Amino acid sequence: MSAQPLEPAAVVSLIEDAVTAPSMHNAQPWRFVFRPSSGTVELYGDSTRAMPHSDPNHRALHLGCAAALFNLRVAAVHAGREPVVRLLPDPRDPWFLAEVHLRETTAEPEARLALFHPALRRRHTSRFPFTDEEIPAPILDGLRAVALLEECRLILPDAWHTEAVLDLVHDSENREESNPAVREETAAWTRTGAPGEGPATEGIPAYAFGPRQSGMSAPVRDFGSWRPLMARDSAVFEKHPHIALLGTSGDTPTDWMKAGQALQRILLQATLDGLVTSMTSQPLEWPELRWAVRDPSDAMGHVHMVIRLGYGPEGPATPRRPAQDVLTVV
C-alpha cells in the first residue's frame, strides 16, 4: 500500500527523534533528505564530520548514522508509519547510507518498535560511577536477544576477558595520549565554554565529562584529560564494571550499519530496563588492539563497541543540532 502524502512538518518531528542518537564525540555525522513525492527519507554520512585519525575507515561514522536510522524507524512507527529500509542503496555513492520508505500502515513485527519511543530522549551516556549491583540475568538475556534482531551479537565477557578488555582500554588511552593528531581531534569535539570554541549544538560539553576517575577501574573515556577544569571532581568508579561487546561476523559497511542499529536498540532497551550506559571505542580505534578485544574462542569475528552497563546516575543530555540543520526537503 502506498503512503498518503507526508507533510514536511511531520518529517521534522521524526528527524528530531532520530538525532537523539549517540555518535563518536557527539559529532552527529548525518544528513537527511526528504522526498515528498515518494515519501522517502534518505540518510547520508556527512564527510565534513569524519575523524581521519581516530576513524580513518569511517566505521564509527557508520555506527552513529545507523543509530540515528534506528531512531528514525522507532519514530516512524510511533507516528503510524511503516519504515521500509534499504541499506547502502547506491554503490556509486558510499555516503548514501540508507533509504527509508515511510509507508502508511505499520505491520508486525515493526510495530513493536514504538515501545522504544519513550526512551529516545531519556537515553543519555553516563560517565559517572555505577554501583557494583549485579544485573539480573533476564535483563542481560533480553539485551542479547535485541542484538540478534538486528543480525548482531552481544557478548558478555567473563572475568578474565573483562580484565583483558580493560587492559586494552588503558593501553589505547596511553596511545592516544602520545599521539598529538588524535589528541587534537578529540579536543576539537570537546566544549569547555572557552572563547572561540565551536557551537554548543555539537561535541561533548564539560558538564558531560563526568568526574575524573580515582584509579582506572572502569572503561570511561576521559574527555577532560588534556583540558583540565578547575571545578571537576574525582570519584571512585565501580571496581568490577559490567561490560558487553557488540559485534558481527563481518566487517563491511553493511555490517557497520547493522551494528549501529543494534547498538541503539540495546541502549534503548537498557534504558527501559532501568540501566544506565556508556560506551567506549578507544581500543577499537587502533587496528593492532581491536583484534585482541574479541574472545578468540567465540565466533563473533569483529567487535564494534564496548558497552558499559549498570545502575547509577543518569547522564545529562548533550546538545544536538536542530533538525533544520541536518534535513533537506527536495
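Below is a short write-up of the structure. These figures come from a predicted structure and were not determined experimentally. (Residues numbered from 1 in each chain as written. Predicted model: local features only at pLDDT ≥ 70, side-chain atom pairs only at ≥ 80, totals over all residues. Heavy atoms only, no water.)

**Comments concerning the overall build of the protein chain**
Inference 1: Each helix and strand counted, the protein chain has eight helices and 13 strands in total.
Inference 2: If one aligns the C-alpha atoms of the protein chain with their principal axes, the spans along those axes are about 55 × 50 × 35 Å.
Inference 3: Here the protein chain, with 330 residues, has 55% of them falling under the buried criterion.
Inference 4: The long-range fraction of contacts in the protein chain, counting pairs at least 24 apart against all pairs at least 6 apart in sequence, stands at 76%. (Helix = DSSP H or I, 4+ residues; strand = E, 2+ residues; numbered from the N terminus. Buried < 20%, exposed > 50% of the residue type's maximum accessible area, 1.4 Å probe, protein only. Contact = heavy atoms within 4.5 Å.)

**Structural notes on the state of the cysteines**
Inference 1: As enumerated under the stated definition, the model contains zero disulfides in all.
Inference 2: Among the cysteines around Cys65, which has no disulfide bond, Cys152 carries the closest sulfur, lying 16 Å off.
Inference 3: Taking the relative accessible area as the measure of exposure, Cys152 reaches 1% and is therefore buried. (Disulfide = S-S within 2.5 Å.)

**Points about unusual backbone geometry**
Inference 1: Positioned with a positive phi, His25 is a non-glycine residue whose angle comes to about 60 degrees.
Inference 2: Mapping His25 onto the fold places it in the loop between α1 (8-18) and β1 (30-35).
Inference 3: Of the residues examined, His25 reaches a relative accessible area of 4% and is grouped as buried.

**Focus on the side chain of Asp298**
Inference 1: Inspection of the secondary structure puts Asp298 in the loop between α7 (287-293) and β12 (302-310).
Inference 2: Among the polar contacts listed, one links the side chain of Asp298 to the backbone nitrogen of Met300, at a separation of 2.8 Å.
Inference 3: When neighbours within four sequence positions are excluded, Asp298 is seen to be in contact with Arg153 and Ile155. (Polar contact = N/O pair within 3.5 Å; in protein donor to acceptor, adjacent residues only side chain to side chain.)

**Structural notes on the nonpolar core**
Inference 1: Grouped together as the largest cluster of nonpolar side chains are 30 residues, with contacts concentrated most on Ile15, Trp30, Phe32, Val41, Leu43 and Leu72.
Inference 2: Where this core is concerned, the elements lending two or more residues are α1, β1, β2 (40-45), α2 (59-78), β4 (96-103) and α8 (323-326).
Inference 3: One finds Ala147, Leu267, Leu275 and Tyr311 within the second-largest nonpolar core, a separate group that totals 23 residues. (Core = buried A, V, L, I, M, F, W, Y, C linked by side-chain atoms within 4.5 Å.)

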